Amino acid sequence: MWCQRLITLKPCSRGFHLVTDELLAQLPELAGYRVGLVHLLLQHTSASLTLNENCDPSVRADMEAHLHRLAPEDAPYYRHTAEGPDDMPAHIKSSLLGVSLTLPLQEGRLALGTWQGIWLGEHRNDGGRRRILVTIQGA
């Protein structure tokens, strides 16, 4: 059985945000699957999805600080600058982390590890609402 749904997340400030609960609240159909896969595709080029620590928010703050050092704003070698100083670094961070996740589904729930959660990496100062195309395959 296949299911596909477009989910819109509320706007987030720049940084990393634990969005597992917000996503799951919009996917009641997961309960009908015994086993399967859930594919998440973030439909944006200046944000990212990753699976990481779901408990200590300092991990998200440290990730933001580290990536800001890897891809700083206003680097003199950037050519793509028309959309503001945060745009090119956002594209770099999005490519480094990726925009999709494929997660196992077991007994109507995501089969995540104890300390794992889904993060939205918002890499723009004002990214707005972000859309995730969710595709579920299973039985």
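Look above for the structure.
These numbers were taken from a predicted model, which means no experiment stands behind them.

Describe in detail the pairing of strand E3 (residues 35-42), supporting the description with residues and values.
What you see with E3 is a clean split: Gly 36, Val 38, Leu 40 and Leu 42 sit on the buried side and Val 35, Leu 37, His 39 and Leu 41 on the side with no burial. Bridge analysis of E3 against strand E5 (residues 100-106) gives seven bridges, and the strand direction is antiparallel. Pairing of Val 35 across the sheet is with Gln 106, part of E5. Looking at chain direction, E3 and strand E8 (residues 130-138) are connected through seven bridges and run antiparallel.

Just give me the short version of helix H2 (residues 57-70), but keep the residues and values in it.
Along its 14 residues, H2 runs 20 Å from first to last C-alpha, staying within 8% of the 20 Å computed at 1.5 Å per residue. Three or more residues of H2 are buried, namely Arg 60, Glu 64 and Leu 67. For H2, the buried positions fall inside an angular range of 75° around the axis, keeping them on one side. Across from the buried face of H2, at angles greater than 90 degrees, the exposed residues are Asp 62 and Arg 69. Buried-residue contacts for H2 involve strand E2 (15-18), strand E4 (47-53), helix H3 (87-97) and strand E7 (116-122).

I'd like a description of the packing of aromatic side chains, backed by residues and values.
On inspection of all chains with the given rule, the structure shows two aromatic pairs. Judged by centre distance (5.3 Å) and plane angle (55°), the rings of Phe 16 and Trp 119 are tilted. Note that Phe 16 is positioned in strand E2 and Trp 119 in strand E7, a separation of 103 residues in sequence. Like Trp 119, Phe 16 is buried.

Talk me through the pairing of E7; I want residue IDs and the actual numbers.
A large share of E7 lies buried, amounting to six of its seven residues. Direction of pairing for E2 relative to E7: antiparallel, over a ladder of four bridges. Bridging across to E7, Gly 15 finds its partner in Glu 122. Sheet topology places E4 next to E7; seven bridges connect them, and they run antiparallel. Directly across from Leu 49, in E7, lies its bridge partner Leu 120.

Any chance you could break down H3 for me, citing the residues and the numbers?
For H3, the complete set of buried residues consists of Asp 87, Pro 89, Ala 90, His 91, Lys 93 and Ser 94. Where H3 is buried, its residues touch E4 and H2.

Tell me about the nonpolar core, and please be specific about residues and values.
Core analysis: the largest hydrophobic core is formed by 23 residues, its most contacted members being Leu 23, Val 38, Leu 40, Ile 118, Ile 132, Val 134 and Ile 136. Those elements giving two or more residues to this core turn out to be strand E1 (2-9), E3, E4, E5, E7 and E8. Setting aside chain neighbours within four positions, we find Ile 132 in contact with Arg 5, Leu 6, Ile 7, Leu 9, Leu 23, Leu 40, Leu 41, Leu 42 and Leu 49.

Before we move on, can you summarise the environment of Gln 116 with the specific residues and values?
For Gln 116, the position within the fold is in strand E7. The exposure class of Gln 116 is partly exposed, given its relative accessible area of 34%. Considered as a pair, Gln 116 and Cys 55 are 61 residues apart in the sequence and their alpha carbons are 8.2 Å apart. Dropping the residues within four chain positions of it, Gln 116 is found in contact with Leu 51, Asn 52 and Asn 54. A polar side-chain atom of Gln 116 sits 2.7 Å from the main-chain amide nitrogen of Gly 113.

What counts, and at which threshold
- Residues numbered from 1 in each chain as written.
- Predicted model: local features only at pLDDT ≥ 70, side-chain atom pairs only at ≥ 80, totals over all residues.
- Heavy atoms only, no water.
- Buried < 20%, exposed > 50% of the residue type's maximum accessible area, 1.4 Å probe, protein only.
- Helix = DSSP H or I, 4+ residues; strand = E, 2+ residues; numbered from the N terminus.
- Pairing = 2+ DSSP bridges.
- Expected span 1.5 Å × (residues − 1).
- Arc of directions from axis to C-beta.
- Contact = heavy atoms within 4.5 Å.
- Phe/Tyr/Trp six-rings, centres within 6.5 Å; stacked < 30°, edge-to-face > 60°.
- Core = buried A, V, L, I, M, F, W, Y, C linked by side-chain atoms within 4.5 Å.
- Polar contact = N/O pair within 3.5 Å; in protein donor to acceptor, adjacent residues only side chain to side chain.

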